[in-house]
Amino acid sequence: MTADIIGYLGLLITLVSFSLAKDELLQKLNLVGCLLWAVHFGAMEQWSAFIMLVMASAMVGSSIAGMKALTNMVWMLNILIIPVTAMMILSGGAAWPAILPVLGGFFINTGVSKCRGNAMTYTIMAGMIAWIAAAVMMESIPAIIANLLNLLALLFREFTRIRKASKAGAADGGTVSA
């Protein structure tokens, strides 16, 4: 029950963060949400989800702090976890759903810490789709609801950004930083 309460609090924080138009505010609230989700999945003993959320917290926190080298180092580690998880699955050390939070986390972490504008939104959306599948497999009702609502919030964010850009006469193409 405690895990669910923390999950619903994480749902609220991330929902608000993903609906915000300002990238910087999205990052700050997302950091709080990531920490809450890490506690939620740790309490559920869903370790691949927990690890990805701790990693997300490190990436987003270092990005906010302007620690580009640390952000890049954690991002590279994030990339390395993908084939490691795949090898664990192939060797029978983990069930195939363990890859879902890893992929979802990779896309969301990349979007929140390394992208801006439309690129941020679309990259996070890809991660949300993987997390929806992961949440279904883990039977985490708060995570299922959160990721569906977060996906809707991201669609709202994008719709608002496109509408605002069309009114201004210039579309925001988004950028990805190194």
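Residues numbered from 1 in each chain as written. Predicted model: local features only at pLDDT ≥ 70, side-chain atom pairs only at ≥ 80, totals over all residues. Heavy atoms only, no water.

### Some thoughts on the state of the cysteines
Working step 1: On inspection of all chains with the given rule, the structure shows 0 disulfides.
Working step 2: Cys34 takes part in no disulfide bond, and the closest cysteine sulfur, belonging to Cys115, lies 15 Å away.
Working step 3: By relative accessible area, which is 2% here, Cys115 ends up buried. (Disulfide = S-S within 2.5 Å. Buried < 20%, exposed > 50% of the residue type's maximum accessible area, 1.4 Å probe, protein only.)

### Things to note about the pattern of salt bridges
Working step 1: Counted under the stated rule, the structure contains 2 salt bridges.
Working step 2: Among the salt bridges present, the one from Arg157 reaches Asp23, with a minimum N-O distance of 2.5 Å. Here Arg157 is found in helix 7 (residues 141-168), whereas its partner Asp23 is found in helix 2 (residues 23-43), with 134 residues between them in sequence.
Working step 3: Look at Arg157 and you get buried, because its relative accessible area is 1%. (Salt bridge = Lys/Arg side-chain N within 4 Å of Asp/Glu carboxyl O. Helix = DSSP H or I, 4+ residues; strand = E, 2+ residues; numbered from the N terminus.)

### With respect to the environment of Ala49
Working step 1: For Ala49, the location among the structural elements is in helix 3 (residues 47-64).
Working step 2: For the pair formed by Ala49 and Phe106, sequence separation is 57 residues and the distance between their alpha carbons is 11 Å.

### Comments concerning the side chain of Thr14
Working step 1: By the secondary structure assignment, Thr14 is in helix 1 (residues 2-19).
Working step 2: On the basis of relative accessible area, Thr14 is assigned to the buried category, the value being 3%.
Working step 3: A polar atom in the side chain of Thr14 sits 3.3 Å from the backbone oxygen of Leu11.
Working step 4: Setting aside chain neighbours within four positions, we find Thr14 in contact with Asn30, Gly33, Trp37 and Asn150. (Polar contact = N/O pair within 3.5 Å; in protein donor to acceptor, adjacent residues only side chain to side chain. Contact = heavy atoms within 4.5 Å.)

### Considering the nonpolar core
Working step 1: Counting residues in hydrophobic clusters, the biggest one holds 31 residues, and the most contacted among them are Phe18, Phe41, Ile124 and Trp131.
Working step 2: Put simply, the parts of the chain that give this core at least two residues each are helix 1, helix 2, helix 3, helix 5 (99-114), helix 6 (117-138) and helix 7.
Working step 3: Of the residues forming this core, the biggest block, 10 residues, is contributed by helix 6.
Working step 4: The residues touching Phe18, leaving out its near neighbours within four places in the chain, are Leu26, Asn30, Val112, Ile124, Met128, Asn150, Ala153, Leu154 and Arg157.
Working step 5: The next biggest cluster of nonpolar side chains, apart from the first, holds 6 residues, and it includes Met52, Met55, Ile81 and Val102. (Core = buried A, V, L, I, M, F, W, Y, C linked by side-chain atoms within 4.5 Å.)

### Focus on the environment of Gly93
Working step 1: By the secondary structure assignment, Gly93 is in the loop between helix 4 (68-90) and helix 5.
Working step 2: Counting along the chain gives 59 residues from Gly93 to Leu152, while the straight-line C-alpha distance between them is 35 Å.

### Some words on the packing of helix 2 against helix 6
Working step 1: At their nearest, the axes of helix 2 and helix 6 sit 14 Å apart, and the two run at 15° to each other. In terms of orientation, helix 2 and helix 6 fall into the roughly parallel class. Here helix 2 runs over helix 6; the crossing is left-handed. On helix 6, the residues touching Asp23, Leu26, Gln27 and Phe41 of helix 2 are Gly117, Met120, Ile124, Trp131 and Met138.
Working step 2: Its residues placed into classes, the contact of helix 2 with helix 6 shows 6 nonpolar, 2 polar and 1 charged. (Axes fitted to C-alpha atoms, helices over the stretch in contact; angles between N-to-C directions. Parallel < 35°, antiparallel > 145°, perpendicular 65-115°, else oblique. Left-handed = near helix turned anticlockwise from the far one by under 90°. Nonpolar A, V, L, I, M, F, W, Y, C, P; charged D, E, K, R; others polar.)

### Some points on the packing of aromatic side chains
Working step 1: Counting across every chain of the model gives 5 aromatic pairs.
Working step 2: Measuring from ring centre to ring centre gives 5.7 Å for Trp47 and Phe50, while their planes differ by 85°; the resulting arrangement is edge-to-face. With a gap of 3 residues between them, Trp47 and Phe50 both fall in helix 3, about one helical turn apart.
Working step 3: On the accessibility criterion, Trp47 (47% relative accessible area) is partly exposed. (Phe/Tyr/Trp six-rings, centres within 6.5 Å; stacked < 30°, edge-to-face > 60°.)

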